[in-house]
Amino acid sequence: MRGCPVGTAFPSCAGTPDPRRQDAAMARLPGPLLCGALLGLVCMTAPGRAVEVRVPAEPLSAPVGKSAELTCTYSTSVTDSFALEWSFVQPGKPISASAPILYFTNGQLYPTGSKAKRASLRQNPPTGGVATLTLADVQPSDTGTYLCQVNNPPDFYTNGLGLVNLTVLVPPSGPVCSQTGHTSVGGSAALRCSSSEGAPRPVYNWVRLGSSPTPPPGSMVQDEVSGQLILTNLSRASSGTYRCVATNQMGSASCELTLSVTDPSKGRVAGAVIGVLLGVLILSVAVFCLMRFQKERRKRPKETYGGSDLREDATAPGISEQTSGMTDPSDGLLEKPPSAASVKTTKSKLPVVV
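Conventions and cut-offs
- All chains use their own residue numbering, which begins from 1 and follows the written sequence.
- Under the rules for a predicted model, residues below a pLDDT of 70 receive no local features and side-chain atom pairs below 80 are neither given nor counted, while totals for whole chains, interfaces and linings still include all residues.
- The side-chain values count all of the structure's non-hydrogen atoms but skip hydrogen atoms and water molecules.
- Secondary structure counts use DSSP, requiring at least four H or I residues in a row for a helix and at least two E residues in a row for a strand, with both numbered from the N terminus.
- Here's how the labels work: a residue is buried when its accessible area is under 20% of the maximum for its type, exposed when over 50%, partly exposed in between, all with a 1.4 Å probe on protein chains only.
- Two residues form a contact once any of their heavy atoms are found within 4.5 Å.
- Each accessible area is a Shrake-Rupley estimate made with a 1.4 Å probe; only the visible protein chains count as cover when residues are assessed.
- Here the aromatic set is Phe, Tyr and Trp, taking the six-membered ring for Trp, and pairing holds for ring centres within 6.5 Å; pairs whose planes are under 30 degrees apart are stacked, those over 60 apart are edge-to-face, and all others are tilted.
- Two thresholds decide whether a charge sits over a ring: the Lys NZ or Arg CZ must be within 6 Å of the ring centre and within 35 degrees of the ring normal.
- Any two strands with at least two DSSP-identified bridges between them are counted as paired.
- Think of each axis as a best-fit line through the C-alpha atoms, taken over the contacting stretch in the case of a helix, with angles from 0 to 180 degrees between the N-to-C directions.
- The score called pLDDT rates the predictor's confidence residue by residue, from a low of 0 to a high of 100.
- For the purposes of this analysis, a disulfide is any pair of cysteine sulfur atoms at a distance within 2.5 Å.
- We define a salt bridge as a contact between a side-chain nitrogen of Lys or Arg and a carboxyl oxygen of Asp or Glu at a distance within 4 Å.
- What makes a nonpolar core is a set of buried Ala, Val, Leu, Ile, Met, Phe, Trp, Tyr and Cys residues whose side-chain atoms join them at distances within 4.5 Å.
- Within this analysis, patches are made of residues with over 30% relative accessible area and no salt bridge. Like charges are joined at 9 Å or less; nonpolar side chains (Val, Leu, Ile, Met, Phe, Trp, Tyr) at 5 Å or less.

Caption draft 1: Representation of the overall build of the protein. Regarding its fold elements, the protein presents 3 helices and 19 strands. For the protein, buried positions account for 21% of its 354 residues. Considering only intrachain contacts with a sequence separation of at least 6, the fraction spanning at least 24 residues in the protein is 59%. A total accessible area of about 24,400 Å² is found for the protein, and carbon and sulfur atoms account for 59% of it.

Caption draft 2: Quick peek at the packing of aromatic side chains. Under the criterion given, the structure shown has 4 aromatic pairs. Among the aromatic residues, ring-to-ring pairing joins Tyr 74, Phe 82 and Phe 104 into one connected group. Just above the ring of Phe 88 sits the side chain of Lys 115; from NZ or CZ to the centre is 4.4 Å.

Caption draft 3: Molecular detail of the sheet that holds strand S13 (residues 176–181). The strand order across the open sheet formed by 4 strands is S13-S14-S17-S16, and the pairing between neighbours is antiparallel. In this open sheet, the two strands that pair with only one neighbour each are S13 and strand S16 (220–223). On average, adjacent strands in this sheet sit at an angle of 15° to one another, irrespective of strand direction.

Caption draft 4: Just the confidence of the model for the protein, in detail. Taken as a whole, the protein shows an average pLDDT of 77; of its residues, 67% reach a score of 70 or greater. Counting interchain partners and residues more than four positions distant, the pLDDT-below-50 stretch residues 1–17 has 5 contacts. Taken as a whole, residues 19–47 scores under 50 in pLDDT and shows 4 contacts with residues more than four places along the chain or in a different chain.

Caption draft 5: Just the state of the cysteines, in detail. A full pass over the atoms with the stated rule returns 3 disulfides. In this model, Cys 177 is linked to Cys 255 through a disulfide, with the two sulfur atoms separated by 1.8 Å. Note on the Cys 177 and Cys 255 pair: the S-S dihedral is about 75°, so by sign convention the disulfide is right-handed. Within this pair, whereas Cys 177 is found in strand S13, its partner Cys 255 is found in strand S19 (residues 251–259), the two being separated by 78 residues in sequence. Here the two residues Cys 177 and Cys 255 agree in accessibility, since each one is buried. Two residues, Cys 193 and Cys 244, share a disulfide whose sulfurs are 2.1 Å apart. Residues Cys 193 and Cys 244 are joined by a disulfide whose S-S torsion is about -85°; by sign, that bridge is left-handed.

Caption draft 6: Seen up close, the pattern of salt bridges. Applying the stated criterion to the full structure yields 4 salt bridges. Of the charged contacts in the structure, one is a salt bridge between Glu 256 and Arg 243, with a shortest N-O distance of 2.6 Å. Of this pair, Glu 256 sits in strand S19 while Arg 243 sits in strand S18 (residues 240–248), and the two are 13 residues apart along the sequence. According to the relative accessible area criterion, Glu 256 is partly exposed, its value standing at 45%. Assessed through its relative accessible area of 29%, Arg 243 is described here as partly exposed. Here the salt bridges do not stand alone but share partners, grouping Lys 115, Arg 118 and Asp 142 into one network.

Caption draft 7: Geometry of the side chain of Thr 134. As for its position among the elements, Thr 134 is in strand S9 (residues 133–135). Among the residues examined, Thr 134 registers a relative accessible area of 17% and is labelled buried. Every residue in contact with Thr 134, bar those within four places of it in the chain, is listed here: Ala 68, Glu 69, Arg 118, Ala 119, Ser 120 and Arg 122.

Caption draft 8: Structural view of the nonpolar core. Counting 28 residues, the largest nonpolar core has Leu 70, Leu 84, Trp 86, Leu 133 and Tyr 146 as the members making the most contacts within it. Those elements that place two or more of their residues in this core are strand S1 (51–54), strand S3 (68–70), strand S5 (83–89), strand S6 (99–105), strand S8 (119–121), S9, strand S10 (144–151) and strand S12 (161–169). Other than its neighbours up to four places away in sequence, Tyr 146 contacts Leu 70, Trp 86, Ser 87, Phe 88, Ile 101, Lys 115, Leu 133, Leu 135, Gly 162, Leu 163, Val 164 and Leu 166.

Caption draft 9: Up close: the environment of Gly 227. For Gly 227, the position within the fold is in the loop between S16 and strand S17 (228–231). The contacts of Gly 227, once residues within four sequence positions are left out, are Leu 191, Arg 192, Cys 193, Tyr 204 and Trp 206.

Caption draft 10: Representation of the sheet that holds S9 in the model. Strand order in this open sheet of 3 strands is S3-S9-S8, and the pairing throughout is antiparallel. Lying at the two open borders of the sheet, with one neighbouring strand each, are S3 and S8. Averaged over neighbouring strand pairs, the angle between their axes works out to 25° when direction is ignored.

Caption draft 11: Representation of a nonpolar patch on the surface in the model. Side chains of Leu 278, Leu 281, Ile 282 and Val 285 sit close together on the surface and give an oily, nonpolar patch of about 380 Å² of accessible area. Its location among the elements puts Val 285 in helix H3 (residues 264–298). Val 285 sits in the partly exposed class, given a relative accessible area of 45%.

Okay, structure coming up:
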């Protein structure tokens, strides 16, 4: 038998290996070569093989109300410890926040969670390398990331998890139109349009209705993403009806808005005319009230004298009415006073009682 080279550590060359020589030989191996040797040793001694899960690389989509199928394939040596799980995580949340939809273990399928009544596996049991998830009557809340995970001890993991992104397509809801700004000649206005629902996100387009000329491009700026239309340097010709159309691949919806541009100068003239008319009306009412007051005053009876009933031109008691004719104011002459014999008094006519 040929001798072994000096310093070799192979077991066939020496009955009892020298530990110091083995350590020295391992120390002389390069780092990558040592890692590769250890990995190969683990692979040769492991009883199972790697778990490999494959899912579509492109995002999936499905119209609202329809069914969606999410394909998941895997390769492993299925044993009694084989387990499979589908779970769901909402957009913007980490994978650790996922919630289970269904899982298969011990030969049984267990749907769970809020989607349990609509979720099922197309292959049951899913032990043939394919586990396609079927989700019926998809809703906007079903949009998110779905996780397909396979666990099959003692097979060790290389890629036992697959991620599938699903988008539920929803047509745009009826948009709401609104306007802000100063709608006067020379001013600026912003017309806005927005839909509360729609997937993918709708784009917006403003058009002017009727035969009126379209505002010049320099005075009109439109943003199809935000749904905003900005009109500058307004004129009376800018007045009219504008329509906003929200569109995505599922359909479209629209709303309309009427823009009225006013002229400040005409507004001032109209205000002056209204002021004059209002002044005339107030003056007319005042004159009418004054005339009615004067008329009511004339209809009131004259006040009577509340003192003695005697008047300056009344005949004194006991004197005959003949004496009242002593003076005639019509002829202006002073007549001769009557004699004592002609004067009759009321006293002489009274009976004398003895």
